[in-house]
Amino acid sequence: MTDSTIQTARLGASGPEVGVQGLGCMGMSFAYGPVDAKASRQTLERALELGVTLYDTADAYGQGENEKFLSPFFTANRDNLVIATKFALSIPPDEPTRRVIRNDAPYIRQAVEASLRRLDVDVIDLYYMHRRDVNVPIEETVATMAELVREGKVKQLGLSEVTAEELRAAHAVHPIAAVQSEWSLFSRDIEANVVPAARELGVTLVPYSPLGRGFLTGSFTNADTELSSDDFRRQQPRFTGENAAANAALLEPIRAVAEAHDASPGQIALAWVQQRSAVHGLPVIPIPGTRKPSRVEENVAATRIVLTDDELALLEPIAGKVAGERYADMAFTSAGRE
Ligand SMILES: NC(=O)c1ccc[n+]([C@@H]2O[C@H](COP(=O)([O-])OP(=O)(O)OC[C@H]3O[C@@H](n4cnc5c(N)ncnc54)[C@H](OP(=O)(O)O)[C@@H]3O)[C@@H](O)[C@H]2O)c1
């Protein structure tokens, strides 16, 4: 590790070690307004230079476009990075607000082949079930995923937005390396059950949307008026209308802590989630998403900020005051099923 690169953390009980902060690549092709391929490529290169080695995508992001976009970067740096992708979720092109979820074996088998083809790699390092299809027993889903490990198509298994009970049932079939779920100063529901189960089982936590989808940076305060018409955040209850105004006021203590560290609010949000590792006693590897090299530098620098007990106490009440759920339909989340 040099002064400008980051520490590492273990991804799953049998490794590998990866940079303690990963990079969420979704916004490079999907969900958050206009894309910029050139800036995104520069962001990927800068992240790798800084020691970010875990890169997160999914087949659902732009219906395969995100995997295709990342492929040249992944193949050029194959030995120096860890590719995480996901199956289970598809969004019908003519119905952007609808989600179709499948966890059955025939679906998984075609999904993994399609991801391998788009990524142009022989093996996926970490393969997640993106969302839970409650019509399929999780044991069956993980048994199929475990076959992919035995066949050499996938190295490690992950689950996204599962309950503690689902995690335990899955882990009994095959070791689960990572759980990816929303975790931030605004979204702490996994702390009650999922995080303790992950710690007990030796599963790494990969917080997604650690910047509250950008809201915690202060870069937007109302999705209705500030974001483009196709931006996914306009579908999320906490970023629109009266909720957005109430939630923007919750950033005040974050700004106060940021000032004390000569840091940005986003850096404090990232430092807070990183420090959950010490608080809860398990490896935590957040995957903030950005398409801008300067922001990846800013985000990586947050791994070196340590918040005091007083500062943590000041930030503690925020999540309990957030207005609005994190998704319009919470049944698609672990909190909706706990
Ligand atoms: N498993 C799941 O169901 C699931 C769900 C959502 C996301 N994810 C994964 O998690 C990753 C991260 O989550 P996310 O992208 O939803 O949310 P996030 O990381 O909380 O926030 C991303 C947003 O913050 C902005 N941003 C990033 N760094 C910033 C900075 N330093 N200053 C100001 N703004 C900044 C980004 O804009 P710019 O891009 O313009 O910089 C983007 O709009 C995704 O990329 C995806 O891979 C997984």
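Within every chain, residues take consecutive numbers counted from 1 along the sequence as written. Predicted model: local features are reported for residues with pLDDT of at least 70 only, side-chain atom pairs are reported and counted for 80 or more only, and whole-chain, interface and lining totals are derived from all residues.

In the nomenclature of an unreviewed UniProt entry, the chain is known as Aldo/keto reductase of Streptomyces spinosisporus.

This next bit is on the nonpolar core. Generally speaking, soluble globular proteins have nonpolar side chains that are buried together. What we call a nonpolar core is a set of buried Ala, Val, Leu, Ile, Met, Phe, Trp, Tyr and Cys residues whose membership is set by joining through C-beta atoms within 7 Å. The exposure scheme places C-beta atoms from the backbone and then counts, for each residue, the other C-beta atoms within 10 Å of its own, assigning buried at 20 or more, exposed at 12 or fewer, and partly exposed in between. The biggest cluster of nonpolar side chains holds 93 residues, and the ones touching the most others in it are Leu167 and Val179. The biggest single contributor to this core is helix H10 (residues 265-280), with six residues. We call two residues in contact when their backbone-placed C-beta atoms lie within 7 Å. Among all residues touching Leu167, those that are not within four sequence positions of it are Leu159, Val162, Ile176, Val179, Val194, Ala197, Ala198, Leu201 and Val203. Here a helix means four or more residues in a row that DSSP labels H or I, a strand means two or more in a row labelled E, and each is numbered from the N terminus.

Right, let's talk about unusual backbone geometry for a bit. At the junction of Gly15 and Pro16, the peptide bond is cis and its omega measures out at 5° in the coordinates. With respect to the helices, strands and loops of the structure, Pro16 is situated in the loop between strand S1 (8-10) and strand S2 (17-19). The phi angle at Ala88 is positive, at roughly 115°, despite the residue not being glycine. With respect to the helices and strands, the residue Ala88 is situated in the loop between strand S5 (82-87) and strand S6 (89-90). A positive phi angle, close to 50°, is found at Asp262, a residue other than glycine. Within the element layout of this structure, Asp262 appears in the loop between helix H9 (252-260) and H10. Here Asp262 falls in the exposed class, since 8 other C-beta atoms lie within 10 Å of it.

Turning to the sheet that holds strand S11 (residues 204-208), a few remarks are in order. Read across the open sheet, the seven strands follow the order S3-S4-S5-S8-S9-S10-S11; overall the sheet is parallel. Edge strands, defined here as strands with exactly one partner in the open sheet, are strand S3 (23-24) and S11. In this analysis, strands are considered paired if DSSP registers two or more bridges between them. Taken together, the five bridges between strand S10 (residues 178-182) and S11 define a ladder with parallel strand orientation. Its bridge partner lying in S11, Ala178 is registered against Thr204.

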